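Chain by chain, the residues run as shown.
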Amino acid sequence: QVQLVESGGGLVQAGGSLRLSCAASGRTFSIYAMGWFRQAPGKEREFVAGIIWSGGNTYYSDSVKGRFTISRDNAKNTVYLQMNSLKPEETAVYYCAAERAVVVHKNPATYDYWGQGTQVTVSS
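Criteria and cut-off values
- Residues numbered from 1 in each chain as written.
- Predicted model: local features only at pLDDT ≥ 70, side-chain atom pairs only at ≥ 80, totals over all residues.
- Heavy atoms only, no water.
- Disulfide = S-S within 2.5 Å.
- Helix = DSSP H or I, 4+ residues; strand = E, 2+ residues; numbered from the N terminus.
- Core = buried A, V, L, I, M, F, W, Y, C linked by side-chain atoms within 4.5 Å.
- Buried < 20%, exposed > 50% of the residue type's maximum accessible area, 1.4 Å probe, protein only.
- Contact = heavy atoms within 4.5 Å.
- Phe/Tyr/Trp six-rings, centres within 6.5 Å; stacked < 30°, edge-to-face > 60°.
- Lys NZ or Arg CZ within 6 Å of the ring centre and 35° of its normal.

(A) Molecular detail of the state of the cysteines. Inspection of the entire model under this criterion finds one disulfide. Covalent S-S linkage joins C22 and C96, the inter-sulfur distance amounting to 1.9 Å. The sign of the S-S torsion, about 50 degrees, decides the handedness of the disulfide formed by C22 and C96: right-handed. Of this pair, C22 sits in strand β3 (residues 18-26) while C96 sits in strand β9 (residues 92-99); the two residues are 74 residues apart in sequence, bridging distant segments of the chain.

Below, the structure written as structure tokens:
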């Protein structure tokens, strides 16, 4: 089993920044790829960014490319999501997820493990 714990959410004004963290524990050697997703009320969970644990290759949705940065610290078993120039429509619960795969998938159904989520609220 793998446990994921997100932190770093909060309230920020439009144009502001937040950094989310996702700490992994347990059988972390089984993780190959990690992703950040978000879900707003009444909407489907959508892919935001992903990273290959070993090689560090990163992937982004078009809507966040150039503003968000995903990174990882292997020594701390932690993945980060730096979010800049936030927009009110990006208010959502943000989740990190992990999967035993060598590629990053945008479909949340492929992920094996999920964190509990952290709320991000962007005020206008």
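Here the narrative resumes, following the displayed structure.
(B) Looking closely at the nonpolar core. L4, M34, W36, L81, M83 and Y94 are the most contacted members of the largest nonpolar core, which has 30 residues in total. Elements that contribute at least two residues to this core include exactly β1 (2-7), β3, β4 (33-39), β5 (46-52), β7 (68-73), β8 (78-83), β9 and β11 (118-123). Leave out the neighbours within four places in its chain, and Y94 touches E6, L20, F37, R38, V48, F68, L81, M83, G117, T118 and V120. Counting seven residues, the second-largest nonpolar core is a separate cluster that includes F37, F47, I52 and A97.

(C) Examining the packing of aromatic side chains more closely. Applying the stated criterion to the full structure yields five aromatic pairs. On the basis of an interplanar angle of 75 degrees and a centroid distance of 5.7 Å, the ring pair of F37 and F47 is categorised as edge-to-face. Of this pair, F37 sits in strand β4 while F47 sits in strand β5, placing them 10 residues apart in sequence. Judged by its relative accessible area of 0%, F37 is buried. Using a relative accessible area of 7% as the deciding quantity, one classes F47 as buried. Grouping aromatic residues by their ring pairs yields a cluster made of F37, F47, Y95, Y111 and W114. For the cation-ring pair, R45 lies above Y95, with the distance from its terminal atom to the ring centre recorded as 3.8 Å. Over the ring of W114 we find R45; its NZ or CZ atom is 4.7 Å from the centre of that ring.

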